[in-house]
Structure formats: C-alpha cells, structure tokens
Amino acid sequence: MKIALLGYGRMGKEIEKIAISRGHEIVIRKDVDDIIDINLADVAIDFSVPSSAFDNITNCINNNVPVISGTTGWLDKYDEAVNLCIEKNSAFIYASNYSLGVNIFFELNKQLAKMMSNLEDYNISMEEIHHTKKLDAPSGTAITLAEGVIENTTKGGWELGDKTSKENIPIVAKRIPDVPGTHTVWYDSEVDSIEIKHTAHNRKGFALGAVVAAEWIVGKEGVFSMKDVLNIR
C-alpha cells in the first residue's frame, strides 16, 4: 500500500516506521507548505497542524484518496469535510486519538458516566497532560472524553480551566516536556473519589492505530470512526 504522510513531524516519523514495518511504502512526506500530487498514494494519513489539516483533508477527498486524520484544532470545519466526503463518495476517518487503549478508555468513560449520572453529590472534572509542542488545548482526546460524559449526564458542556459553572465540566490542560499523553477523569464527593486514567508511554500506540485505520479504509466509501475500525459496539 502506498501511503502519503501529511505532516512529517514526530508523529509522522513514528507512523512511517510502523507503516514500513508492516510492508507499506511511503510515497509522500509533506511538510506545511509542500506542493504534492496526492494521487500518487492509495491512502493518506494526516498528522499535520490545525491550519493545514482541512486543506489536506479536502485535497484527498476531492481526489478520491481515502484519508485518516489525527490532527486536532480544526474541527470547526469538520461538518464541511463530512459533507464533501459524502458528496464525492470518498472515505474519511477523523479520530482525536488512534490508540486502541484510548478507544477502549472512551467506552469505559461513557459507561462510568451512565452509572454516575444520578449521583448528584459527585463533581466531575478532567485533566490532560501533553508535551510542550502540542499546539491546542484542551486535547482532542479530552474533548472526546468530555463529550462522552455530556451525552450520558446532565452536564451542558465543558470549559478550559479548573474553575467553571456547575453545569459544565472543567478541563485542566498541562504542558510538560516529553509527555506523550495522560488523561484523567475524576468523580469527587465529600466521602470518596472515583478516578479513571489512561497514560500513553510513547507514540507507538497512536501510530499503529493510524496505520491500522489506513489499512482498513482502503476500498471503502463513507465517513467512519475508530469504533468501525475496531468493531467496538
């Protein structure tokens, strides 16, 4: 399989290693301003920057090249990308996190939120920690976790910072050198606390998940998620 890497930073290089180890060929390595012929690739994997992601994704969709995106911070245009994908009969996956463990964590988070939804004595809060080169805050993974809680409780939204209204979930974002990603969800009351946490030890899990998603999407049409790739019901 011929893969285009749209974004050739640390994640792009990690994806390259995994892809080559699984027998694939990297035919494009795109930095921010590079001009490329996306039609050289069977599939594209976008881990670029927020300012480039939408253009990268729409270029792939317009040329009927399936695209996997893990870039966060551009989601105000997500619906446009979805509508274009449907119009062009192309294929597209966006995930805030491609790690198998994180996607299981997402489902665990939803189940815990359902169980806690009627227990009003518990305050919900979240924390995410990433490396200092991560540009957006909170992380896309933290937002996905917050959305999973909002869907299953009476919470109305989320806010960045440790102080928020009772209706919203506070998310604290920390940037510490060389931290791949740590996400924690707390339910705290006067008598006890419940905590679920996912800690990434390195970027290999994210890279492997992205390559697995790229392998899965080739030959398909539609807008998918990692639940489809991993057959999580």
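Above this text sits the structure in question.
Procedures and definitions
Residues numbered from 1 in each chain as written. Predicted model: local features only at pLDDT ≥ 70, side-chain atom pairs only at ≥ 80, totals over all residues. Heavy atoms only, no water. Helix = DSSP H or I, 4+ residues; strand = E, 2+ residues; numbered from the N terminus. Rg over C-alpha atoms; globule rule 2.2 N^0.38 Å. Buried < 20%, exposed > 50% of the residue type's maximum accessible area, 1.4 Å probe, protein only. Contact = heavy atoms within 4.5 Å. Lys, Arg positive; Asp, Glu negative; His and termini not counted. Charge placed at Lys NZ, Arg CZ, Asp CG, Glu CD. Axes fitted to C-alpha atoms, helices over the stretch in contact; angles between N-to-C directions. Parallel < 35°, antiparallel > 145°, perpendicular 65-115°, else oblique. Left-handed = near helix turned anticlockwise from the far one by under 90°. Nonpolar A, V, L, I, M, F, W, Y, C, P; charged D, E, K, R; others polar.

Colleague: Mind showing me how you'd approach the overall build of the chain here?
Modeller: Scanning the chain for helices and strands turns up 7 helices and 11 strands. Relative to the 2.2 N^0.38 estimate, which gives 17 Å for 233 residues, the radius of gyration of the chain is 18 Å and therefore close to what a compact globule would have. Projected onto its principal axes, the C-alpha coordinates of the chain cover approximately 60 × 40 × 30 Å. Expressed as a percentage of the 233 residues in the chain, the buried residues total 50%. Partitioning the intrachain contacts of the chain with sequence separation of at least 6 by distance along the chain shows that 64% fall at a separation of at least 24. Computing the positive centroid from 24 side-chain charges and the negative centroid from 33, the chain places the two 5 Å apart.

Colleague: Mind showing me how you'd approach the packing of helix α4 (residues 100-116) against helix α5 (residues 140-152) here?
Modeller: Packed helix pairs are specified by the crossing angle of their axes together with the interaxial distance, meaning the distance between the axes. Relative to each other, α4 and α5 sit at 30°, their axes nearing to 8 Å. When the axis of α4 is compared with that of α5, the two are roughly parallel. For α4 against α5, the interelement crossing comes out right-handed. Where α4 abuts α5, its residues Val-102, Phe-105, Phe-106, Asn-109, Lys-110, Ala-113 and Lys-114 lie against Thr-141, Thr-144, Leu-145, Gly-148, Val-149, Glu-151 and Asn-152. A class-by-class count of the residues in the contact of α4 with α5 yields 6 nonpolar, 5 polar and 3 charged.

Colleague: Even after reading the chapter, I still don't get unusual backbone geometry, so can you show me in this structure?
Modeller: The general pattern is negative phi for most residues beyond glycine and trans for most peptide bonds. In the segment running from Ala-137 into Pro-138, the intervening peptide bond is cis, with an omega of -5°. Position of Pro-138 among the secondary structure elements: in the loop between β6 (123-130) and α5. One non-glycine residue with positive phi stands out, namely Asn-64, at about 60°. Looking at the secondary structure, you find Asn-64 in the loop between α2 (50-62) and β4 (67-69). Classification of Asn-64 by relative accessible area gives partly exposed; the value is 49%. With a phi close to 55°, Asn-231 is a non-glycine residue in the positive phi region. For Asn-231, the location among the structural elements is in the segment after α7 (226-230).

Honestly, that's just the spatial picture; any functional story needs more than this.
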